[in-house]
Amino acid sequence: QVRVVESGGGSVQAGGSLRLSCAASGFTRSRYCMGWFRQVPGKQREGVASIDSDGRESYIGSVEGRFTISQEKTKTMAYLQMNSLKSEDTAMYYCAANPYGPSCSSVDFAVWGQGTRVTVSS
């Protein structure tokens, strides 16, 4: 079965950097989408970035220019490089996957990781 497991969260000062990793397994199709989401208690979960099997990337405006999503297909890994972190980036970050096709619409992410916490202090 398809699984994703994220890691790399922690505490960092504003302006610092952090790299999140997502290990994926169990994919049976060559076309997919990987995404990163974040959530703060009491607030709606939001998509942060996504990358599909063709390497197409998408970001929400608040992280554009600061965050970069990438993948290493041979290692079945996805990453989120977060630079110039701000206090408002503090959240639980989740890796998610649509293992069935390249759609990166939020409703198509069927597999979710357990989350890794990112805390940015000012």
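Residues numbered from 1 in each chain as written. Predicted model: local features only at pLDDT ≥ 70, side-chain atom pairs only at ≥ 80, totals over all residues. Heavy atoms only, no water.

Caption draft 1: The nonpolar core, seen in detail. Met34, Leu80, Met82 and Tyr93 are the most contacted members of the largest nonpolar core, which totals 27 residues. Looking at this core, the elements that each hand over two or more residues are strand S3 (18–25), strand S4 (33–39), strand S5 (46–52), strand S7 (67–72), strand S8 (77–82), strand S9 (91–98) and strand S11 (116–121). Setting aside residues up to four positions removed in sequence, leucine 80 forms contacts with Leu18, Arg19, Leu20, Trp36, Val48, Ala49, Phe67, Thr68, Ile69 and Tyr93. (Core = buried A, V, L, I, M, F, W, Y, C linked by side-chain atoms within 4.5 Å. Buried < 20%, exposed > 50% of the residue type's maximum accessible area, 1.4 Å probe, protein only. Helix = DSSP H or I, 4+ residues; strand = E, 2+ residues; numbered from the N terminus. Contact = heavy atoms within 4.5 Å.)

Caption draft 2: Main features of unusual backbone geometry. The phi torsion at threonine 76 lies on the positive side, around 50 degrees, for a residue other than glycine. By the element assignment, threonine 76 lies in the loop between S7 and S8. Not every positive phi belongs to a glycine, and serine 84 is a case in point at roughly 50 degrees. As for its position among the elements, serine 84 is in the loop between S8 and S9.

Caption draft 3: Spotlight on the packing of aromatic side chains. According to the stated counting rule, one finds 3 aromatic pairs in the structure shown. Between phenylalanine 27 and tyrosine 32, the aromatic rings sit 5.7 Å apart at their centres with planes inclined by 85 degrees, giving edge-to-face as the arrangement. Residue placement shows arginine 19 over the ring face of tyrosine 79; its charged tip is 3.9 Å from the ring centre. One Lys or Arg, arginine 45, reaches over the ring of phenylalanine 37 and ends 5.6 Å from the middle of that ring. (Phe/Tyr/Trp six-rings, centres within 6.5 Å; stacked < 30°, edge-to-face > 60°. Lys NZ or Arg CZ within 6 Å of the ring centre and 35° of its normal.)

Caption draft 4: Seen up close, the state of the cysteines. Applying the stated criterion to the full structure yields 2 disulfides. With its sulfur 1.9 Å from that of its partner, cysteine 22 forms a disulfide with cysteine 95. Between cysteine 22 and cysteine 95 the sulfur-sulfur dihedral comes to about -75 degrees; the bridge is accordingly left-handed. One end of the pair, cysteine 22, is in strand S3; the other, cysteine 95, is in strand S9, and 73 residues separate them in sequence. Each member of the pair, cysteine 22 as well as cysteine 95, is classed as buried. The disulfide bridge from cysteine 33 ends at cysteine 104, spanning 1.9 Å between sulfur atoms. Linking cysteine 33 and cysteine 104, the disulfide has an S-S dihedral of approximately 110 degrees and is accordingly described as right-handed. With cysteine 33 in strand S4 and cysteine 104 in the loop between S9 and strand S10 (111–112), the pair connects residues that are 71 residues apart, well separated along the chain. When the bonded cysteines of the protein chain are counted from the start of the sequence, the pairing works out to 1-3, 2-4. (Disulfide = S-S within 2.5 Å.)

Caption draft 5: Just the side chain of serine 50, in detail. Among the secondary structure elements, serine 50 is positioned in strand S5. Filtering out sequence-adjacent residues up to four positions away, serine 50 remains in contact with Cys33, Met34, Gly35, Arg56, Glu57, Ser58, Ile69 and Cys104.

Caption draft 6: How the structure looks around the environment of alanine 14. Structurally, alanine 14 can be placed in the loop between strand S2 (10–13) and S3. Separated by 73 residues in the primary sequence, alanine 14 and serine 87 have C-alpha atoms spaced 6.3 Å apart.

Caption draft 7: Structural view of the pairing of S4. Most of S4 is tucked away: 6 of the 7 residues are buried. Examined bridge by bridge, S4 and S5 share 6 bridges and lie antiparallel to one another. Along S5, the bridge assignment pairs tryptophan 36 with alanine 49. Hairpin geometry of S4 and S5 is characterised by an intervening segment of 6 residues between the two adjacent antiparallel strands and by a positive phi of about 85 degrees at glycine 42. (Pairing = 2+ DSSP bridges.)

Interpretation note: all reported values are geometric properties and have no functional meaning in isolation.
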